[in-house]
Amino acid sequence: MVKDLEHRFTEDLEKNQNIIHKVCRAYTTSDSAHKDLFQEITIQLWRAYPKFRGDSKFSTWTYRVALNTAISLYRKSKRQITTSEIYDNLKELEYLDYDDTKDQQVALLYKAIRQLSDIEKALCLLYLDDKSYREISETLGITEVNARVKMNRTKIKLKKLLNT
Amino acid sequence: MKGLDKYKEAWKNQDSKDLKYSYNDIQEMLHKKSSSIVKWIFYISLIEFCFWIVISFAFDTDWNTINVKSRLYMLLGILTAINYIIIILFIALFYKNYKTISVSSNAQKLMKDILKTRKTVYYYVLYNVGMLIFGFVVVMYYIFTSVDFLTQLQTARPESSLNSSLTLAIVISVVIIAVIVGLLLMFYRLIYGVLLKRLKQNYKELSES
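Asks: Can you explain the overall build of chain A? Please cite residues and give values.
Replies: Check the secondary structure of chain A and you find eight helices and zero strands. Start at the N end of chain A and walk to the C end: the helices and strands fall as α-α-α-α-α-α-α-α. Here chain A, with 164 residues, has 53% of them falling under the buried criterion. Put simply, 66% of the contacts in chain A that link residues at least 6 apart link residues at least 24 apart.

In C-alpha cells, the structure reads:
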C-alpha cells in the first residue's frame with residue numbers, strides 16, 4: 001500500500017520536477033543550496049501527499065508546496081553566501097555564453113529574479129508561468145486586488161532589472 | 001509590459017539541462033530528514049517545555065528543604081498545582097497549533113500558523129519568567145521577615161547594622177534573579193530571532209497592501 005503510494009508519488013514528481021527546479025533556481029544562489037532546497041521540497045511534498053486529494057492538479061499543488069517551502073520553511077545556510085559568487089559568476093556566465101538567445105534570456109531572468117524579495121520572487125514565477133490572478137491570490141492567501149497591485153509593482157521592478 | 005513578453009516565452013521553453021533527477025534519486029530523497037524551521041521550532045519548544053518543568057521540580061525540592069512556615073508551604077503547594085494545569089494547557093495549545101501547520105495551505109496562512117505556534121511558546125516562556133519572579137518575591141519576603149534568618153544575618157555580620165545587612169541581601173538576590181531572567185530572555189530572542197527573522201519579514205511584506 002505504502003509502496004504503491006510511494007511509487008505513484010515518485011513517478012508524478014519525476015515528471016513534474018521542472019516546477020521545483022524553477023523555484024530552487026529562483027530562491028537559491030548556489031548549486032548545493034539548490035539541491036538542498038529541492039530535497040526539502042520533496043520531503044514536504046511527500047509528507048503532505050497522503051492529504052492530497054486531487055482537488056487540484058498535481059502540478060498546481062506541487063507549485064504551492066514548493067513556493068511555501070522556499071518562502072517559509074527553508075532556512076538558508078551560511079554556506080550559500082560564500083558560494084553565491086561562484087554560482088553567479090561562473091554558472092550564469094556559462095549560461096550566458098551559450099549562443100542560444102533563449103537560454104541567455106532565461107539566465108538573465110533568473111539573475112534579475114534573485115535580486116527580488118522572497119514574495120516578489122513568488123509573484124514573478126507565478127506571472128511567468130501564466131497563472132491567473134485568482135490562482136495567485138489563492139496560492140499566496142491575499143485578495144485578488146492586492147495580488148494585482150503587488151504584481152504590477154513587481155513587474156515594474158523586474159523590467160527595471162532587465163533594462164527593458 | 002511588452003518588454004517582458006519575449007522573456008516569458010523563453011521562460012516557458014526553458015529546460016533544466018544539467019539538473020534532472022532520476023526516479024531513484026527522488027525515491028532516495030523521500031527518506032531523508034527534513035530541516036525545515038517548523039521542525040526546529042517544534043524541537044526547541046519541546047526543550048523549553050521540559051526545561052521549565054525541570055525548573056519547577058527543582059524549586060519544589062528547594063522549598064521543601066527550606067524550613068518555612070506552613071502558611072507559605074500551603075501557598076506554594078497551590079501555586080504549584082495551578083502551575084501544572086497551566087503548563088498542560090500550554091502544551092495542548094501548542095500541539096493544536098503545531099498540528100494546524102500545513103504546507104499545502106496558502107502562503108499567508110502557513111506563515112500565520114507558524115508564527116502562532118511560536119507565539120504560544122513565547123507566552124509560555126513569559127508566563128514562566130513571571131512565575132519565577134513572583135515565586136522568588138514570595139519566598140524572599142518570607143525568608144527576609146523570618147526571625148531565624150534575621151538572627152543568622154546578625155551573627156554573620158555583627159559589625160554592620162541589621163538594616164544595612166538586610167538591604168545588601170535583598171540587592172544581591174534581586175541582581176542574581178535579574179541576571180538569570182535577562183540571560184534567559186536574551187537566549188530566546190537569539191534562537192527565535194535567527195530562526196524567524198526571514199519568515200516575519202515575508203509575512204509583513206505579504207500582508208501589506
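Anyway, onward from the coordinates.
Asks: Please set out the pattern of salt bridges residue by residue, giving values where relevant.
Replies: Counted under the stated rule, the structure contains nine salt bridges over all chains. In this structure, Glu135(A) and Lys131(A) form a salt bridge, with 3.8 Å as the shortest nitrogen-oxygen distance. Owing to a relative accessible area of 25%, Glu135(A) belongs among the partly exposed residues under this scheme. Each of Asp118(A), Lys121(A) and Arg198(B) takes part in salt bridges that share partners, so that together they form one network.

Asks: Before we move on, could you go through the confidence of the model for chain B and cite the residues and values that matter?
Replies: Predicted coordinates in regions of low pLDDT should not be interpreted in detail. Residues at a pLDDT of 70 or more form 91% of chain B, whose mean pLDDT is 84. Confidence scores differ between elements of chain B, with helix α3 (residues 37-65) of chain B showing the lowest mean pLDDT of 78 and helix α2 (residues 23-30) of chain B the highest of 93.

Asks: Give me the packing of helix α1 (residues 2-27) of chain A against helix α2 (residues 31-48) of chain A: which residues, what numbers.
Replies: Residue and element names in this part refer to chain A. Contact geometry of α1 with α2 gives a least axis separation of 9 Å together with a crossing angle of 140 degrees. The pairing of α1 with α2 is recorded here as oblique in orientation. Both α1 and α2 take part in a crossing whose hand is right-handed. Contacts from Leu5, Glu6, Phe9, Leu13, Gln17, Ile20, His21, Val23, Cys24, Arg25 and Tyr27 in α1 reach His34, Leu37, Phe38, Ile41, Thr42, Leu45 and Trp46 in α2. Taken together, the residues of the contact of α1 with α2 sort by class into 12 nonpolar, four polar and two charged.

Asks: Kindly report on the interface of chain A and chain B, identifying the contributing residues and their values.
Replies: Each partner contributes to the interface: chain A provides 69 residues, whereas chain B provides 50 residues. A buried area of about 5600 Å², summed over both sides, lies between chain A and chain B, and 58% of it is on carbon and sulfur atoms. There are three salt bridges connecting chain A and chain B. The closest approach of N and O atoms between Lys12(B) and Asp130(A), which form a salt bridge, is 2.6 Å. For the pair chain A and chain B, the number of links is 26 residue pairs in polar contact (both at pLDDT 80 or more). At the level of elements, α1, α2, α3 (58-73), α4 (78-97), α5 (101-113), α6 (118-128), α7 (133-140) and α8 (144-162) of chain A are the ones that each hand at least two residues to the side of chain A that touches chain B. By residue number, the principal contributor to the side of chain A that touches chain B is α1(A), which donates 12 residues. Residues of the side of chain A that touches chain B, tallied by class, amount to 28 nonpolar, 18 polar and 23 charged.

Asks: Quick one: what's the story with the side chain of Ser105(B), residue by residue and with numbers?
Replies: Tracing the sequence through the fold places Ser105(B) in the loop between α4 (70-100) and α5 (107-145). A polar contact of 2.9 Å, which involves the side chain of Ser105(B), links it to the backbone oxygen of Ser102(B). Apart from residues lying up to four places away in sequence, Ser105(B) is in contact with Arg64(A), Asn68(A) and Leu110(B).

Asks: I'd like a description of a negative patch on the surface, backed by residues and values.
Replies: Taken together, the side chains of Glu11(A), Glu14(A), Asp25(B) and Glu28(B) make up a negatively charged region of the molecular surface. On the accessibility criterion, Glu28(B) (52% relative accessible area) is exposed.

Asks: Could you give me a rundown of the packing of aromatic side chains, with the residues and numbers involved?
Replies: Centre distance and the angle of the planes are the two values used to describe a pair of aromatic rings. Under the criterion given, the structure shown has 25 aromatic pairs over all chains. Taking the centre distance of 6.1 Å and the plane angle of 45 degrees together, the rings of Tyr49(A) and Trp61(A) count as tilted. One end of the pair, Tyr49(A), is in the loop between α2 and α3; the other, Trp61(A), is in helix α3, and 12 residues separate them in sequence. Each of the two residues, Tyr49(A) as well as Trp61(A), counts as buried. Ring centres 5.2 Å apart and planes at 85 degrees place the aromatic pair Phe51(B) and Trp52(B) in the edge-to-face group. The side chain of Lys8(B) reaches across the aromatic face of Tyr127(A), ending 4.2 Å from its centre. The ring of Tyr192(B) has Arg118(B) lying over it, and the distance from NZ or CZ to the ring centre is 3.3 Å.

Conventions and cut-offs
- Residues numbered from 1 in each chain as written.
- Chains lettered and ligands numbered in written order.
- Predicted model: local features only at pLDDT ≥ 70, side-chain atom pairs only at ≥ 80, totals over all residues.
- Heavy atoms only, no water.
- Helix = DSSP H or I, 4+ residues; strand = E, 2+ residues; numbered from the N terminus.
- Buried < 20%, exposed > 50% of the residue type's maximum accessible area, 1.4 Å probe, protein only.
- Contact = heavy atoms within 4.5 Å.
- Salt bridge = Lys/Arg side-chain N within 4 Å of Asp/Glu carboxyl O.
- pLDDT = per-residue confidence, 0-100.
- Axes fitted to C-alpha atoms, helices over the stretch in contact; angles between N-to-C directions.
- Parallel < 35°, antiparallel > 145°, perpendicular 65-115°, else oblique.
- Left-handed = near helix turned anticlockwise from the far one by under 90°.
- Nonpolar A, V, L, I, M, F, W, Y, C, P; charged D, E, K, R; others polar.
- Buried area = accessible area lost by both parts, 1.4 Å probe.
- Polar contact = N/O pair within 3.5 Å; in protein donor to acceptor, adjacent residues only side chain to side chain.
- Patch = residues over 30% accessible without salt bridge, like charges linked within 9 Å, V, L, I, M, F, W, Y side chains within 5 Å.
- Areas by Shrake-Rupley, 256 points an atom, 1.4 Å probe, with all protein chains shown as cover.
- Lys, Arg positive; Asp, Glu negative; His and termini not counted.
- Charge placed at Lys NZ, Arg CZ, Asp CG, Glu CD.
- Phe/Tyr/Trp six-rings, centres within 6.5 Å; stacked < 30°, edge-to-face > 60°.
- Lys NZ or Arg CZ within 6 Å of the ring centre and 35° of its normal.

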